[in-house]
Amino acid sequence: MLAIIGGSGFTRLPELHITDRRIVRTPYGLTSSPLLSGTLGSLDIVFLARHGFGHTVAPHEINYRANIWALHSVGVEDVIAVSSVTAVNETFENSALVMPHDLIDYTCGRKNTFFEGQEQAVVHTDFLEPYSATLRSNLLNHIRSHQVPVYERAVYGCLQGPRWPTRAEIRRFRNDGVDVLGMTGMPEAILARELDMNYAHFCGIVGMRCIGEGNEIVCSIEADQTIETIRRLLVDL
């Protein structure tokens, strides 16, 4: 079964024909929103609003373990995580689509593993390739079939949030090789890997945070247009 996790600007999926609305109580607490199960075109899917239906849960306060555990508990095997991002790579275009192939985690203090506590075995998870190659390939082929351009080689930097970075931090991220910045990609990806779920990150650039002339930060927002493009592509899976 496929799950779609909706991020900022994507808290609802009107085209989903809902057959079940479930509040899942997990060993880690409640999820950000009830799980909505139903059909999207010919697919049976589960939809979860990462920030809640009213966008009330901040990135650093999301119960990532509850969200991923709940999806796994209802039989989800594939996860498409939708996120809004800002670009620090000046060659990327605003409002473009991005499917990162790698990531750098800058978060701190988040509950980032299911394997903790003395009752759990010590487990070291291979995370060399953080995203599912098969799921990424299928989604990229779908995007290309609709003649929609997408950046498929990009490094995602996950910030702790809720603040945006300083000028010096932006320089650091660019020196690290980061192309786009978000606040929710981790620990989502590693938690999915720990439960053997296929995870792909589908991002839309909603602003540019680059050091320009005069040392200013340029930021413009095209969120509605970008997220609408992602929504149309997912509806037609």
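This write-up is about the structure you can find in this document. (Residues numbered from 1 in each chain as written. Predicted model: local features only at pLDDT ≥ 70, side-chain atom pairs only at ≥ 80, totals over all residues. Heavy atoms only, no water.)

### Looking at unusual backbone geometry
At step 1: Following Gly-161, the chain continues into Pro-162 via a peptide bond in cis, with omega recorded as 0°.
At step 2: For Pro-162, the position within the fold is in the loop between strand 11 (155-158) and helix 3 (167-176).
At step 3: In this structure, Pro-187 follows Met-186 across a cis peptide bond, with omega equal to 10°.
At step 4: Of note, His-55 is a non-glycine position whose phi angle comes to about 50°, a positive value.
At step 5: By the element assignment, His-55 lies in the loop between strand 6 (43-49) and helix 1 (64-73).
At step 6: Classification of His-55 as partly exposed rests on a relative accessible area of 41%.
At step 7: With a phi close to 75°, Ser-95 is a non-glycine residue in the positive phi region.
At step 8: As for its placement among the helices and strands, Ser-95 is situated in the loop between strand 7 (78-87) and strand 8 (97-98).
At step 9: The exposure class assigned to Ser-95 is partly exposed, which follows from its relative accessible area of 22%. (Helix = DSSP H or I, 4+ residues; strand = E, 2+ residues; numbered from the N terminus. Buried < 20%, exposed > 50% of the residue type's maximum accessible area, 1.4 Å probe, protein only.)

### With respect to helix 2 (residues 133-145)
At step 1: Over its 13 residues, helix 2 extends 18 Å from the first C-alpha to the last, a length consistent with the 18 Å expected when each residue adds 1.5 Å.
At step 2: Gln-147, located one to two residues past helix 2, shows a positive phi value of around 55°. (Expected span 1.5 Å × (residues − 1).)

### Overview of the packing of aromatic side chains
At step 1: By the definition in use, this model includes four aromatic pairs.
At step 2: Both rings, one in Phe-92 and one in Tyr-151, keep their centres 4.0 Å apart while their planes meet at 5°; by these two values the pair is stacked. On the criterion of sequence distance, the pair formed by Phe-92 in the loop between strand 7 and strand 8 and Tyr-151 in strand 10 (residues 150-151) is long-range, its members being 59 residues apart.
At step 3: For Phe-92, a relative accessible area of 7% translates into the label buried.
At step 4: Geometrically, the ring pair formed by Tyr-131 and Tyr-199 is stacked, given 6.2 Å between the ring centres and 15° between the ring planes. Of the two residues, Tyr-131 sits in the loop between strand 9 (102-105) and helix 2 while Tyr-199 sits in strand 13 (residues 198-208), which places them 68 residues apart along the sequence. Residue Tyr-131 shares its accessibility class with Tyr-199, and that shared class is buried. (Phe/Tyr/Trp six-rings, centres within 6.5 Å; stacked < 30°, edge-to-face > 60°.)

### Let's talk about the pattern of salt bridges
At step 1: This structure, assessed with the given rule, holds 10 salt bridges.
At step 2: A single salt-bridge network, built from bridges that share partners, covers Glu-15, Glu-228, Arg-231 and Arg-232. (Salt bridge = Lys/Arg side-chain N within 4 Å of Asp/Glu carboxyl O.)

### Thoughts on the state of the cysteines
At step 1: Applying the stated rule across the entire model yields zero disulfides.
At step 2: No disulfide involves Cys-158; its sulfur sits 10 Å from that of Cys-203, the nearest cysteine. (Disulfide = S-S within 2.5 Å.)

### With respect to helix 1
At step 1: Judged by how many residues are buried, helix 1 sits mostly within the fold: seven of 10 residues are covered.
At step 2: Of the residues making up helix 1, those classed as buried are Tyr-64, Arg-65, Ala-66, Asn-67, Ile-68, Ala-70 and Leu-71.
At step 3: Packing partners of the buried residues in helix 1 comprise strand 1 (2-6), strand 3 (25-26), strand 4 (29-30), strand 5 (35-40), strand 6 and helix 4 (188-194).
At step 4: Just beyond helix 1, the residue with positive phi is Gly-75, at close to 95°. (Contact = heavy atoms within 4.5 Å.)

### Section: the environment of Leu-135
At step 1: Relative to the assigned elements, Leu-135 resides in helix 2.
At step 2: Not counting residues up to four positions away in its chain, the partners in contact with Leu-135 are Asp-78, Val-79, Asn-198, Tyr-199 and Ala-200.

### Some thoughts on the side chain of Thr-107
At step 1: Relative to the assigned elements, Thr-107 resides in the loop between strand 9 and helix 2.
At step 2: Its relative accessible area of 19% is what places Thr-107 among the buried residues.
At step 3: If near-sequence neighbours (up to four positions away) are discounted, Thr-107 is found in contact with Cys-158, Leu-159, Gln-160 and Met-186.

### A closer look at the nonpolar core
Considering soluble globular proteins, one finds that nonpolar side chains tend to be buried as a cluster.
At step 1: Formed by 39 residues in total, the largest nonpolar core has its most connected members in Leu-71, Tyr-156, Val-180, Met-197 and Ile-205.
At step 2: Elements with a contribution of two residues or more to this core: strand 1, strand 6, helix 1, strand 7, strand 11, helix 4 and strand 13.
At step 3: Discounting chain neighbours no more than four positions away, the residues touching Met-197 are Ile-68, Leu-71, His-72, Val-76, Glu-77, Val-79 and Ala-192.
At step 4: Core analysis: the second largest hydrophobic core is formed by 24 residues, Leu-16, Ile-80, Leu-140 and Ile-230 among them. (Core = buried A, V, L, I, M, F, W, Y, C linked by side-chain atoms within 4.5 Å.)

### Comments concerning the pairing of strand 1
At step 1: The element strand 1 is largely enclosed, with a buried count of five among its five residues.
At step 2: Of the two faces of strand 1, the one carrying Leu-2, Ile-4 and Gly-6 and the one carrying Ala-3 and Ile-5 are both buried.
At step 3: By the bridge criterion, five bridges tie strand 1 to strand 6 in an arrangement that is parallel. Bridging across to strand 6, Leu-2 finds its partner in Ile-45.
At step 4: Looking at chain direction, strand 1 and strand 7 are connected through four bridges and run parallel. Residue Leu-2 lies in a different strand from strand 7, and its bridge partner there is Asp-78. (Pairing = 2+ DSSP bridges.)

This is a description of form; function is not addressed.
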